[in-house]
Amino acid sequence: KLDLARLTTERYDMKFAIASYMQLIDDLQGRLDRYDFGIMIMTDEEIGGRNGAKMLLEEIGYRTEICMLPDGGNDWGLEVAAKGLIWLTASAQGKTAHGSRPWEGENAIEKMMLFVTAMQRELFADQGPDTSTCSVNSIKGGVVPNQLPDLCQADIDIRPLDPTEQHRIFGRVQQLAELYDIQLEIHLNDSAINLDLSNSYVVAFIQHIERVRKEPVHTVRSNGGSD
């Protein structure tokens, strides 16, 4: 049987909630008809929840005053904010030529390098837990060592600190892409999240945690994203 007071959520991430809810159902056997709730298990929490929680609530039509989306914090720390998320693929078009005559072509990889360098230097020179961040997580380009590539693509992960930063960064990235002749394909552009600590359900949730844990709740900011 789970000892929820001692469970370290960081170890289990959002998966710990399934075990907790199964335990809840077991504890409420014979009394379930007194409660109005549902448990829904989905798999797309880390990519926005569009085909999970969002679809169930907005398209399928489940109606509820509150939907709890549990995702592991750090040792029961209450996540009060999470950075936004921009996933994009940048593409640079060039012109192929033999490596011995680069002046006859246009190197797509070099175009991409100029764009990425300008973006990192201007927008993300200093990165840390309390700043917006950017990471270039894959680059694809070129076929053989002696031929200029005519195409280069980069997958980029941007985490804006707040909605104002998100608007500024997204606009400037688009401007830099136009300046360096780069095409952008936007996969995700999700806003940063801030928890309203005055909400009555949040207040009740905090009170329950403190009752079970027998210590004050501490708050944390998430560097990752969630639905």
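Look above for the structure.
Residues numbered from 1 in each chain as written. Predicted model: local features only at pLDDT ≥ 70, side-chain atom pairs only at ≥ 80, totals over all residues. Heavy atoms only, no water.

Undergrad: What is the right way to read the pattern of salt bridges from this model?
TA: Pairs can form between side chains of opposite charge once their charged atoms are near each other. For the coordinates displayed, the defined rule picks out nine salt bridges. E122 is the salt-bridge partner of R172, the closest N and O atoms lying 2.6 Å from each other. Of this pair, R172 sits in helix α5 (residues 163-179) while E122 sits in helix α4 (residues 108-123); the two residues are 50 residues apart in sequence, bridging distant segments of the chain. Residue E122 is classed as partly exposed on the basis of its relative accessible area of 43%. Put simply, K140 and D155 hold a salt bridge, and the shortest N to O gap is 3.2 Å. Residue K140 is located in strand β3 (residues 133-141), and its partner D155 is located in strand β4 (residues 151-159); the two are separated by 15 residues in the primary sequence. What you see here is one network of salt bridges that share partners, running through E106, K111 and D181. (Salt bridge = Lys/Arg side-chain N within 4 Å of Asp/Glu carboxyl O. Helix = DSSP H or I, 4+ residues; strand = E, 2+ residues; numbered from the N terminus. Buried < 20%, exposed > 50% of the residue type's maximum accessible area, 1.4 Å probe, protein only.)

Undergrad: How should the packing of α4 against α5 be read in this particular structure?
TA: Packed helix pairs are characterised by how far apart their axes lie and by the angle those axes make with each other. Between α4 and α5, the least distance of the axes is 10 Å, while the angle of their chain directions is 150 degrees. In terms of their interaxial angle, α4 and α5 are classed as roughly antiparallel. Helix-helix and strand crossings are classified by hand; for α4 and α5 the assignment is right-handed. Contact residues: α4 offers F115, A118, M119, E122 and L123, while α5 offers R168, I169, R172, V173, L176 and A177. Residue classes in the contact of α4 with α5 are distributed as eight nonpolar, no polar and three charged. (Axes fitted to C-alpha atoms, helices over the stretch in contact; angles between N-to-C directions. Parallel < 35°, antiparallel > 145°, perpendicular 65-115°, else oblique. Left-handed = near helix turned anticlockwise from the far one by under 90°. Contact = heavy atoms within 4.5 Å. Nonpolar A, V, L, I, M, F, W, Y, C, P; charged D, E, K, R; others polar.)

Undergrad: Help me understand the pairing of strand β2 (residues 85-93) in this model?
TA: As a general feature of sheets, a regular strand has side chains that alternate between the two faces. Counting buried residues in β2 gives seven out of nine residues, a clear majority hidden from the surface. Looking at chain direction, β2 and strand β5 (residues 182-190) are connected through eight bridges and run antiparallel. Its bridge partner being in β5, T89 is matched across the sheet by E185. Alignment of β2 against β4, held across eight bridges, turns out to be antiparallel. Across the sheet, the residue bridging to A92 is C152, located in β4. (Pairing = 2+ DSSP bridges.)

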